[in-house]
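# Structural description and commentary
If you want the building blocks of each chain, they are given just below.
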Amino acid sequence: MLNPFIQKLGRRFALSESDEQALRSASAHLRGVHARTTLISEGDVPDHVHLIQSGFACRYKVLPGGGRSIVAFLIPGDFCDLNVSILGAMDHCIGTISSCDVVRIPRSVVNDLTARHPALNRALQWAGLVDEAILREWLVCMGRRSADRQVAHLFCELLIRLQTVGLATDNSYPFPLTQLDLGDAMGLSNVHINRVLQELRGLGLVIIKERRVTLPNVAA
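Residues numbered from 1 in each chain as written. Predicted model: local features only at pLDDT ≥ 70, side-chain atom pairs only at ≥ 80, totals over all residues. Heavy atoms only, no water.

## Here we look at the environment of glutamate 210
Checked against the element boundaries, glutamate 210 lands in the loop between strand S9 (207-208) and strand S10 (212-214). When the C-alpha positions of glutamate 210 and proline 174 are compared, they lie 8.8 Å apart, and in sequence the two are 36 residues distant. (Helix = DSSP H or I, 4+ residues; strand = E, 2+ residues; numbered from the N terminus.)

Structure below.
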């Protein structure tokens, strides 16, 4: 399988063979992680960064009552916590949603990559800015968009992101998220999410079957 992180960066930057080889070497050692597993918890000191090579994961905060607020979904090619070590401790948790292949890269290796490969340093900065842009859209969704538009936006976001790493067709992609996951990401109850999905299905905009989403009319 092609390295999804190299695919992702290659859409925006012309990486040299040396750059790509350095990334392959840094991300060569995978470990399989079961679904619904915590990779790192809030308050932990992050001496490694995590790179998702396959599967879905998420960033989330644990609420005082024990609930969960998902603040980002992570897909293949995503670094989970690239710059969080600057804080000294994690301010959120990271956990898998589906089973995942994950790479743990020591902070020292990341520092060496960025120091010795200026193009990679720039590419990693770009990846961080893309994450921030996605988060801004989530804030707009939460504050100003109706529930049906929030869900529709997420379906389209995941389509584009998965297309970037070769894991989606023009209108379809694997979808391991549950209604509870969607609710935790959007601040909506399970009942509300169910109602929205039924509405989108009724309009012919979304088909969810066998853990796969199809969007028959992406423009709509």
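## Examining the environment of isoleucine 52
Looking at the secondary structure, you find isoleucine 52 in strand S3 (residues 48-54). Residues isoleucine 52 and leucine 203, spaced 151 residues apart in sequence, show a C-alpha to C-alpha distance of 34 Å. With near-sequence residues (within four places) excluded, isoleucine 52 lies in contact with Pro4, Leu39, Ala57, Leu74, Ile75, Pro76, Gly77, Asp78, Cys80, Asp101 and Val102. (Contact = heavy atoms within 4.5 Å.)

## Quick word on the layout of surface pockets
By volume, the largest pocket is sized at about 820 Å³. Looking at the largest pocket, it is lined by 34 residues, and the ones nearest its centre are Arg59, Cys80, Gly128, Asp131 and Glu132. Of all the secondary structure elements, the ones that give two or more residues to the lining of the largest pocket are helix H1 (4-10), strand S4 (57-62), strand S5 (68-74), helix H3 (107-116) and helix H4 (118-144). It is H4 that provides the largest number of residues to the lining of the largest pocket, a total of 11 residues. In terms of residue class, the lining of the largest pocket is made up of 17 nonpolar, seven polar and 10 charged. What the second largest pocket holds in volume is close to 270 Å³. (1 Å grid on protein atoms, 1.4 Å probe; cavity = no way out; pocket = protein on both sides within 12 Å on 5 of 7 lines; lining within 4 Å. Points joined across faces, edges and corners; volume = space filled by probe spheres on them. Nonpolar A, V, L, I, M, F, W, Y, C, P; charged D, E, K, R; others polar.)

## Regarding the sheet that holds S9
The strands that make up a sheet pair up through hydrogen bonds in the backbone, lying either parallel or antiparallel. Pairing within the open sheet is antiparallel, and its three strands lie in the order S8-S10-S9. Two strands lie at the open edges of the sheet, namely strand S8 (172-174) and S9, each paired on one side alone. In the sheet, S8 pairs with S10 via three bridges, with the strands oriented antiparallel. What sits directly across from tyrosine 173, in S10, is valine 213. In this fold helix H5 (residues 147-164) packs onto S8, S9 and S10, with an angle of close to 85° to the strand it touches most, S8. (Pairing = 2+ DSSP bridges. Axes fitted to C-alpha atoms, helices over the stretch in contact; angles between N-to-C directions.)

## Some words on H3
Listing the buried residues of H3 in full gives Arg107, Val110 and Leu113. Relative to the axis of H3, the buried residues are bounded by an arc of 120° and lie together on one face. Exposed and oriented more than 90 degrees from the buried face of H3 are Ser108, Ala115 and Arg116. Its buried side turned inward, H3 meets helix H2 (17-26), S3, strand S7 (100-106) and H4. (Buried < 20%, exposed > 50% of the residue type's maximum accessible area, 1.4 Å probe, protein only. Arc of directions from axis to C-beta.)

## Considerations on the pattern of salt bridges
Under the definition given, this model contains 12 salt bridges. Across the pair lysine 8 and aspartate 78 runs a salt bridge whose closest N-O atoms are separated by 2.7 Å. With lysine 8 in helix H1 and aspartate 78 in the loop between S5 and strand S6 (93-96), the pair connects residues that are 70 residues apart, well separated along the chain. An identical accessibility class is assigned to lysine 8 and aspartate 78; each is buried. Put simply, lysine 61 and glutamate 42 hold a salt bridge, and the shortest N to O gap is 3.3 Å. Of this pair, lysine 61 sits in strand S4 while glutamate 42 is found in the loop between strand S2 (38-40) and S3, placing the two residues 19 residues apart along the sequence. Note on lysine 61: relative accessible area 32%, which makes it partly exposed. Three or more residues are tied together by salt bridges with common partners; here these are Lys8, Asp78, Glu157 and Arg161. (Salt bridge = Lys/Arg side-chain N within 4 Å of Asp/Glu carboxyl O.)

## Observations regarding the pairing of S5
Two strands pair when backbone bridges link them, and S4 and S5 are joined in this way by six bridges, in the antiparallel orientation. Its bridge partner lying in S5, arginine 59 is registered against alanine 72. Hairpin connection of S4 to S5: five residues between the antiparallel strands, including glycine 66 at a positive phi of 100°.

## A few points about the packing of H4 against H5
Two elements in contact, H4 and H5, have axes whose closest approach is 10 Å; the angle formed by their N-to-C orientations is 165°. Regarding the angle of H4 to H5, the classification is roughly antiparallel. For H4 against H5, the interelement crossing comes out right-handed. Contact residues: Ile134, Glu137, Trp138, Cys141 and Met142 in H4; Gln150, His153, Leu154, Glu157 and Arg161 in H5. Here the contact of H4 with H5 is composed, by residue class, of five nonpolar, two polar and three charged. (Parallel < 35°, antiparallel > 145°, perpendicular 65-115°, else oblique. Left-handed = near helix turned anticlockwise from the far one by under 90°.)

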